[in-house]
Amino acid sequence: MDLDKLLETSDRCIYDEPPSCTSNCPVHMDVIAFVTEMEKGEFGKAYAVMEKRIPFARIIGSICDHPCKKACVRADSGGAIEISELEKAALIFGYSPPKRTMSAAKNKGRAAVVGGGISGLTAAFDLDKKGYRVTLYEKSGRLGGRIWDCAGEDLKKEIIEEELQIIAKQGINTELNTYVDKKGLEELIKEYDAVYLGTGIWDEELKVHPDTFQVGETPLFVGGSLANKNDSVIFSASSGRRAAISMDRYIKKISITASREREGFFETPLKYVEEDVQPAAPVKKELAAYSEDEAIREAGRCFKCRCRKCIESCSHLSGFDISPKSYMRQINQSERIILGTHYANKMINSCTMCGLCKVECFKGISMKGVIQETRESMVARGKMPVSAHDFALRDMQFSNSMRFWMVRKQPESFQELYKDTEKTKYLFYPGCQLPASYPEYVMEAYKYLVSNMKGGVGIFLGCCGAPADWAGRQDLMKENIEKIKGIWENIGKPTFIMACSGCCSVFEKYLPEIDFVSVWEIFAQKGLPRNNKISDKGVLSVHDACTTRYNGKIHDSIREIAALSGYSIHELKYSKERTKCCGYGGLVYFANREQSAAFISDRIRECDNDLLVYCAMCKDLFVSGGKRTLHILDLIFGNDTESIALRKMPTLSDRHKNRVLLKIRLLREIWGEEPDMNLEKQTGLNLIIPENVRLLMEDRYILLEDMERVIDNSQKSGERFFNPEDRNFLARLRLDNITYWVRYEEKDDKILINSIYSHRMEIVEE
Amino acid sequence: MDAENKQYMPWICDKCKKELILRKVKARYLEGNFEVELMKCPVCSMVFIEEDLAMGKMLEVEKGLEDK
């Protein structure tokens, strides 16, 4: 796996990019942290956030011209956040005097600052903190410059005096009543390692670098309104701070320009759209300043802009509360572990790989692709937990075994319909899960196709390989694809007729040379087999299949069939391209049942109407969550939609049996053939399986066949334990790396099953 | 599972009709090899694993090893 590429993709995620208020603040105050504390009523903590970024916070916090406000995303939904009022409230309710800090040794060099206004004070303060011996020259008799013009109700004189005492407390040498002219400046440049000029007015034009504030290559740096050409208070403070960084670098003889792209104002890559937003006007203040309660309410209006679009739409990302950015970093770490626990495994196997995140993402980042690559890499390195996908892969193996797999051309008995049956223009490919859930519909659909499509319609039963793809098993996938391709070529390159969205996506990805059409398009074009047109049957909400989110033809056909069947459609917020996964995708149903259940209930919560789906697993999963759900084939072939809407998913064992029986029925009824082997694998055991044991079998992925083999073996070999008290037997048998245990009683010719369980660990019996 | 905490054990080996005894038994999964004390038949060595053990501690150890 290309981890550098992965980290590059992770860097593109805008989840933790700053909001536009912070990027528009020249000193980058963390506005979200600030309002978050305010909203909690933690005024002290809110003040601490201010103080961290804003020099002389009590002064600047009172008079800041807040360029952040014009960038506020709330502006269009009632009005921008009253940030300056909130800052004032933080000063009133949250100010605490600065803690005494040990000042660093002043041994890095000497710096002069000319001008005791906002920018000069900031530069002097910052240079002092960086370890320089600073001398501050001010032409008047006091520090502060134009700060004093702002003194009044909002900013009391006493506060200005108190705040400016910081300079003296820090031990910064101040020369008041000292006017520095051009000649004086030249002398300072000779005397000091670097000089800052922040006088507001200067009688010669200086060429100042806009990012470093340096004048040419000289040790002179210029900030404040002299450099900014405006009277913004916060820009002045910012320029003093940035010039101090340049001076430090200049004196240390390191690059002045490197890695400074995000200083001052910058365009944030963050994009933020609030859906379903409620407009709310700014909280009005009763008195001159916000009360605590008013400030808390105003802070509550802030969106706290952060891109969570993919997270909010996805039960997996929200369940693990993780952004794609940190997700990819965790994958990176997990991929680099040599010895130790791969904690991210469960998460990686809980993504349905549905691709909605990419649709939602402003940057088009797809976790589907990332997860696919990661799972393939885990398999390649032998780090994929065996139990995660084992059952699904064995199910695929079953579908591609002779117990289900078959290919047949259109039978001769259908010749009265179409003469030219030697040709096979179409091959009906219903997939594996539709026959497992609805074998009778597959039979009906095939008969429909044969009567409606000219040119011969064959049938191909098997699994497309989606489980192998999801499990990262490229070895199995390639083998399967080659097999399908071989059949297709052998039969004269027919067009496949698909009834499963999962198969469609596998064919698009791995078999682009094979033309396919969905059976839904054929139904929509050729009309429904029965005259179903009874209007006003009700309203259905379509849950589109995530594996065909980009297939508009399928989306349209489904809606047409619904209309032909007399239903009207309600479109969900997440539909078509933006559809969600039911919880089966990516084999999550097998790897993490809880995660799968979260997908199911999230989707069910989204709609009040009955659902209409066109993927067998979607129907089975929604019904398992108690939602009335109709499969599109229920509309076409079903009788009594009332009972069908809540018809439960067949058990895992029945899903096998249904596939076997479909093959037998097709062979017998359409091709007049007798299956040449015991496809059903009947053992002749007369089992009584109570409901609680059936549930255990589902939860523990144990098939009836496996149960029968254990019992059969124990009865024949005598290898079993016996409990004389309750007359139970306990038998075990290891089958394909799993040991199955069955506890049962023998009652005349019947066998009552009391429990069943399994383990993968091998116990050596010696 | 030491001798003092030995639980009441009604199960016998049905094939050998013997009471089970507690013995050290080898277990392995993926890269892990351990020795654990389990009940087994003294004659045919068939090892008894109850449901709580299989679905509890054993499952936990299996998952742990799978994530190594």
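Analysis parameters
Residues numbered from 1 in each chain as written. Chains lettered and ligands numbered in written order. Predicted model: local features only at pLDDT ≥ 70, side-chain atom pairs only at ≥ 80, totals over all residues. Heavy atoms only, no water. Helix = DSSP H or I, 4+ residues; strand = E, 2+ residues; numbered from the N terminus. Contact = heavy atoms within 4.5 Å. Buried < 20%, exposed > 50% of the residue type's maximum accessible area, 1.4 Å probe, protein only. Arc of directions from axis to C-beta. Axes fitted to C-alpha atoms, helices over the stretch in contact; angles between N-to-C directions. Parallel < 35°, antiparallel > 145°, perpendicular 65-115°, else oblique. Left-handed = near helix turned anticlockwise from the far one by under 90°. Buried area = accessible area lost by both parts, 1.4 Å probe. Salt bridge = Lys/Arg side-chain N within 4 Å of Asp/Glu carboxyl O. Polar contact = N/O pair within 3.5 Å; in protein donor to acceptor, adjacent residues only side chain to side chain. Nonpolar A, V, L, I, M, F, W, Y, C, P; charged D, E, K, R; others polar. Pairing = 2+ DSSP bridges.

### Brief notes about the overall build of chain B
Okay, so step 1: For chain B, the helix and strand inventory stands at one helix and four strands.
Okay, so step 2: Moving toward the C terminus, one meets the helices and strands of chain B in the order β-β-β-β-α.
Okay, so step 3: Excluding contacts between residues fewer than 6 apart, the proportion of contacts in chain B whose partners are at least 24 apart in sequence is 32%.

### Digging into helix 12 (residues 292-300) of chain A
Okay, so step 1: Among the residues making up helix 12 of chain A, those that are buried are A:Glu294, A:Ala295, A:Glu298 and A:Ala299. All buried residues of helix 12 of chain A lie within an arc of 135 degrees about the axis, which places them on one face of the element.

### Considering the packing of helix 6 (residues 83-94) of chain A against helix 12 of chain A
All names here are of chain A.
Okay, so step 1: Put simply, helix 6 and helix 12 touch, their axes get as near as 10 Å, and they point 140 degrees apart. The pairing of helix 6 with helix 12 is recorded here as oblique in orientation. Between helix 6 and helix 12 lies a crossing of left-handed hand. Contact residues: Leu 86, Ala 89 and Phe 93 in helix 6; Glu 292, Ala 295, Glu 298 and Ala 299 in helix 12.

### With respect to helix 4 (residues 43-53) of chain A
Since the α-helix turns once every 3.6 residues, residues separated by three or four places project in the same direction.
Okay, so step 1: Of all the positions in helix 4 of chain A, only A:Phe43, A:Ala46, A:Tyr47, A:Val49 and A:Met50 are classed as buried. The buried residues of helix 4 of chain A occupy an angular sector of 155 degrees when projected down its axis, which confines them to one face.

### Re the interface of chain B and chain A
Okay, so step 1: Listed as interface residues are 33 residues of chain B and, on the opposing side, 37 residues of chain A.
Okay, so step 2: When the two sides are added together, the surface that chain B and chain A hide from each other amounts to roughly 3300 Å², 58% of it contributed by carbon and sulfur.
Okay, so step 3: Connecting chain B to chain A are four salt bridges.
Okay, so step 4: Summed over the shared surface of chain B and chain A, the result is 20 residue pairs in polar contact (both at pLDDT 80 or more).
Okay, so step 5: Those elements giving two or more residues to the side of chain B that touches chain A turn out to be strand 1 (12-13), strand 3 (21-29), strand 4 (32-40) and helix 1 (51-66) of chain B.
Okay, so step 6: Residue contributions to the side of chain B that touches chain A peak at eight residues, all from helix 1 of chain B.
Okay, so step 7: A per-class count over the side of chain B that touches chain A returns 20 nonpolar, one polar and twelve charged.
Okay, so step 8: Pairing of strand 16 (residues 721-723) of chain A with strand 1 of chain B, which is carried by two bridges, proceeds in the antiparallel orientation. Counterpart to A:Phe722 in the pairing with strand 1 of chain B is B:Ile12.

### Details of the pairing of strand 3 of chain B
Okay, so step 1: Pairing between strand 20 (residues 762-764) of chain A and strand 3 of chain B: three bridges, direction antiparallel. Looking at strand 3 of chain B, one finds that A:Val764 is bridged to B:Lys26.
Okay, so step 2: Across nine bridges, the pairing between strand 3 of chain B and strand 4 of chain B is antiparallel. Note on strand 4 of chain B: the bridge partner recorded for B:Arg28 is B:Asn33.

Keep in mind these values describe shape, not function.
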